[in-house]
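# Descriptive analysis of the structure
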Amino acid sequence: MKHIKRFCAAFLTLGLLALTGCAGQGNAAASSSSLSGSTPPEPDAAASMTLIGIALSGSAEEDDSLNAQATELQTRLQDTGLSVEIAYAEGNGDTQSRQINAMIEDECAILIVEAVDADAIDDALTAAGEAGISVLSCSASLDNSAVTCYVGTDYAAMGAAQAAYLVETLGLDGEDAGSDTYTLELVVGDTAADQLIYEGAMEALDAYLTSGQLTIPSGQQNYEDVATADAAGRMESLLSSYYSDGENLDVLLTTSNETCSAALTTFNASYKGSVYPIVVGAQCGLESVQWLSDGYLAMTTLSPEVDYADQLITQVRQIRSGETVEDYLATGETVTEENFLEVLVDSGLYSVSLTGEVTEGESEDAEEGTDTEDVPIVEYEAEDDLESDSSEGQ
């Protein structure tokens, strides 16, 4: 399959505002749709409706999306007459479990949790539910019946966006649909967010896998078979086991910035095929933007910025007034060669120098008024001789 890609040697700036999903591994990822419209449990008679516990995954010094809003959230809740207790787990699931149990003992009425490891705090969350405490899950959904609602990114929608891009690009629903078949391999991260992205993509691609329009030569399709903390190792194993004789791969699907970068580094060093695949990613960061700019990554998603303070305050109010509480799911934005100037450059989040190096923040040239519309678009083709393309500075 001939695949034409583009890249811009442009002044490109894109500031990653990706949410770092902190849920744990294993069975930690559950579709948040099952939590939508939950009615909060009746609080225990002994519980005070004035204490709110906030259990955060990192340290007070970190400036990630949720931490940065914790002080604002605390102030606004206190302004309504509530007491707020914040605990930082310092990246330790056992520590967070103890902190949650301490908040239960303090008879908090509502618990806001950004999980370090869902498995490590599962018992503590169950105890919170048994005590009549409403649990609001932030950043990544938690598979526990005590969870009243979820606030964060719709990761499953990111996977669905990957599938939609592939269906359109490959023409799987076009006039000639079914006349061509394409090979697909999966390199998936092992976090809750990665699993939800995987599930969203595979659900949308299921019909094409069933029809045979998409095939997986390795046979590795189940989450347990494709999820890994070692994306480079999995990519090397796939190449050595199924593509060592120059077999072509048409599509490579990855689920995070780190997974995509590790897989592509290994892929470009070891792949012997003559057709370069369509590579799709998600949760883009600096590395992904570099791969996109260089023409190796065809599509990724920009994670949304979530206004945690506003959403959580709304949900706390709903719980305290006995209203039905809805999940809040923020959707990401699809980024491809067609729109990355608009999404990444004009937003002033990243920049790409004339030499192709990607950096965070707006470039000095852009501040001086460089018009990105005047930047030339450079095209390349992944022809039958991939090695020749690579040697020409693909």
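Residues numbered from 1 in each chain as written. Predicted model: local features only at pLDDT ≥ 70, side-chain atom pairs only at ≥ 80, totals over all residues. Heavy atoms only, no water.

Moving on, we come to the overall build of the protein chain. A tally of regular secondary structure across the protein chain gives 13 helices and 16 strands. For the protein chain, buried positions account for 53% of its 394 residues. With the model as given, the accessible surface of the protein chain reaches about 16500 Å², and the carbon-plus-sulfur share is 43%. (Helix = DSSP H or I, 4+ residues; strand = E, 2+ residues; numbered from the N terminus. Buried < 20%, exposed > 50% of the residue type's maximum accessible area, 1.4 Å probe, protein only. Areas by Shrake-Rupley, 256 points an atom, 1.4 Å probe, with all protein chains shown as cover.)

What follows is about helix H9 (residues 286–294). Regarding H9, the residues found buried are Ser288, Val289, Trp291, Leu292 and Ser293. Backbone geometry just after H9 places glycine 295 at a positive phi near 95°.

Moving on to the nonpolar core. Counting 32 residues, the largest nonpolar core has Val187, Met235, Leu264, Phe267, Val335 and Leu344 as the members making the most contacts within it. Mapped by element, the contributors of at least two residues to this core are helix H7 (231–242), helix H8 (257–270), H9, helix H11 (340–345) and strand E14 (350–352). Looking at this core element by element, the count peaks at five residues for H11. By size, the runner-up hydrophobic cluster in this structure holds 27 residues, among which are Ala161, Tyr165, Val167 and Leu170. (Core = buried A, V, L, I, M, F, W, Y, C linked by side-chain atoms within 4.5 Å.)

Let us look at the environment of serine 347. As for its position among the elements, serine 347 is in the loop between H11 and E14. Sequence separation between serine 347 and glutamate 362 is 15 residues, and the spatial gap between their C-alpha atoms is 8.6 Å. A distance of 2.6 Å separates a polar side-chain atom of serine 347 from the backbone oxygen of valine 343. Side-chain polar atoms of serine 347 contact the backbone oxygen of leucine 344, separated by 3.2 Å. (Polar contact = N/O pair within 3.5 Å; in protein donor to acceptor, adjacent residues only side chain to side chain.)

The next thing to look at is the sheet that holds strand E4 (residues 110–113). Judged by pairing direction, the sheet is parallel, and its six strands sit side by side in the order E3-E2-E4-E5-E6-E12 without closing on themselves. The open sheet is flanked by strand E3 (83–88) and strand E12 (328–330), the only strands paired with a single partner. The mean inter-strand angle of the sheet, taken between neighbouring strand axes irrespective of direction, is 15°. Strand contacts of helix H2 (residues 93–105): strand E2 (51–56), E3 and E4, with the helix running at about 180° to E2, the strand carrying the most contacts. (Pairing = 2+ DSSP bridges. Axes fitted to C-alpha atoms, helices over the stretch in contact; angles between N-to-C directions. Contact = heavy atoms within 4.5 Å.)

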